[in-house]
Structure formats: C-alpha cells, structure tokens
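Okay, here's what each chain looks like letter by letter:
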Amino acid sequence: MEFSELIKKRRSCRAFKNTPVTQEQLQTIVEAGQWAPSPLNQQPFQFIAVTDQTVKAQIQKTGIEAKQTVVDNSGPAWVKKYPMNFVGECPLIIVVVYDPTKGGLGSYFEQPHGALQSTSACIQNMMLQAADLGLDSLWFTFFSPSVLKPVLDIPKELDVAGAIMIGKPAMEAKAPPRKPPKVHEDRFSTEAE
Ligand SMILES: Cc1cc2nc3c(=O)[nH]c(=O)nc-3n(C[C@H](O)[C@H](O)[C@H](O)COP(=O)(O)O)c2cc1C
C-alpha cells in the first residue's frame, strides 16, 4: 500500500473481532515502535502485551471506573454512552510505558517532555504498522494511570503513554473528517487562522 494511503487508512477502532493477533504480527508491530526517533536515541519505551482474558477484564474495569468518575463530575453527556466492552473483547492490548527521565537534554531548556514525545512517535509507528498488516487499533487512554499501574505491576518510576488495542475490526469505522492544515509562511500569522 502507498504510504500516504496507509496514513489515511489507519483508523481508531472500538469494535474488534476475536481473531487472535499472531506472535509474528506482535513482533512486527513492536519492532516498528522501537524504530521511532528518541532524544539521544534513549528509546525510553517498553511494551506489555496483554492477551490474558482476566487481565483484559481488569483493564476494562479501570476504564469503567474512569468513565464513572467523568459522569460523577458532570463531564460531557456522551461519555455515559461510551462503550467499554471492546476493551475486554480486543484480542491484543499493548500497554506502552516509558521512563520520563529518558528525555534527552530537553529539561535544561524548557523541553521536559522528550520521553513522552518519543513514545508518542513509537505508538504512531505501531499503529501504522498494524494498519499495514490489515489490523485496526486504538490509542486508549480512558483510565487513571495510578489505578492501572498496580494492575499490571508497572514500576512506580515508569509512566503509561497508552493502552493500544489491536485487532481485526468487527465493522468498518468511518474516518472522522480533518480540518485543512494551517500553514504559516515564515512566521506565525493570525491571518492563517
Ligand atoms: C493520545 C490519544 C489518546 C486517545 N484516547 C482515546 C481513548 O481513550 N478512547 C478512544 O475511544 N479514543 C481515543 N483516542 C482516539 C481518538 O479519538 C481518534 O484518534 C480521533 O477521534 C481521530 O480518529 P481516527 O484515529 O480514526 O483518525 C485517542 C487518541 C490519542 C492520540
């Protein structure tokens, strides 16, 4: 597939078939993640590949709790209808964690987020690789990290960038529209707004 076509074909999926993701596909996906750029090439990320039904159910529970917190605090009304069942149904969840201290030199000059920036690039690589393998994905963050970390034995010093759901889509999702790119010439200009 053409790269520009792949970028548009990658779709966030919230309904998965139970077809397993193979070990080979998993390896291909995490290797794509590992090739992301990172400050000083520190590669601050690690992966937890979750396929166990009990563990998936625990991740789903953290999602349900986070959703309830939003509802209890008068968050947006649509949240009540947000389905969490796909979390337990998704064949593979790759939880991506990172060491926030491995962000290169940025903390010396007001850029302390290098590790998260790099881990975000890693996740995008993984999702594009999954799309190239005919799999859909979802960058899922609807949980409280302090609740999820003990569930997965994640050490205190690591942060969670997301739980990446991966599998065959149960139905084709529509592409949410994109705004036209705002490109400023030479300097930022309010005319481009
Ligand atoms: C950092 C990040 C966190 C996200 N968290 C969630 C999430 O918790 N639940 C969800 O359903 N979608 C989540 N999304 C997916 C976005 O809703 C989705 O990317 C956006 O609507 C555009 O749709 P597309 O990915 O199909 O192009 C997240 C995306 C990003 C980049």
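Preceding block: the structure.
Residues numbered from 1 in each chain as written. Predicted model: local features only at pLDDT ≥ 70, side-chain atom pairs only at ≥ 80, totals over all residues. Heavy atoms only, no water.

For the rest of this paragraph, the subject is the sheet that holds strand β4 (residues 159–167). Reading across the sheet, the 4 strands line up as β1-β2-β4-β3 and stay open at both edges, with antiparallel pairing between neighbours. Two strands close off the open sheet at either side, each with one partner strand: β1 (45–50) and β3 (136–140). Averaged over all pairs of adjacent strands, the angle between their axes in this sheet comes to 20°, without regard to strand direction. The pairing of strand β2 (residues 92–98) with β4 spans 7 bridges and is classified as antiparallel. Paired with valine 95 across the two strands is alanine 163, which belongs to β4. Where helix α2 (residues 23–34) meets the sheet, its contacts fall on β1, β2 and β4, and the angle it forms with β1 comes to roughly 160°. Contacts from helix α5 (residues 114–132) reach β1, β2, β3 and β4 within the one sheet, and its direction differs from that of β2 by about 160°. (Pairing = 2+ DSSP bridges. Helix = DSSP H or I, 4+ residues; strand = E, 2+ residues; numbered from the N terminus. Axes fitted to C-alpha atoms, helices over the stretch in contact; angles between N-to-C directions. Contact = heavy atoms within 4.5 Å.)

Moving on: the packing of α2 against α5. Between α2 and α5, whose axes approach to 7 Å, the crossing angle comes to 145°. Of the two elements, α2 crosses α5, and the hand of that crossing is right-handed. For the pair α2 and α5, the contacting residues are Thr28, Ile29, Ala32 and Gly33 in the first and Cys122, Asn125, Met126, Gln129 and Ala130 in the second. (Left-handed = near helix turned anticlockwise from the far one by under 90°.)

For the rest of this paragraph, the subject is the pairing of β3. Looking down a regular strand, the side chains alternate between one sheet face and the other. Burial runs high along β3: 4 of the 5 residues are buried. Of the pairings in the sheet, the one linking β3 to β4 comprises 5 bridges and is antiparallel in character. The residue of β4 that forms the bridge with tryptophan 139 is isoleucine 164. (Buried < 20%, exposed > 50% of the residue type's maximum accessible area, 1.4 Å probe, protein only.)

With that settled, consider unusual backbone geometry. A positive phi angle, close to 55°, is found at leucine 40, a residue other than glycine. Inspection of the secondary structure assignment puts leucine 40 in the loop between α2 and β1.

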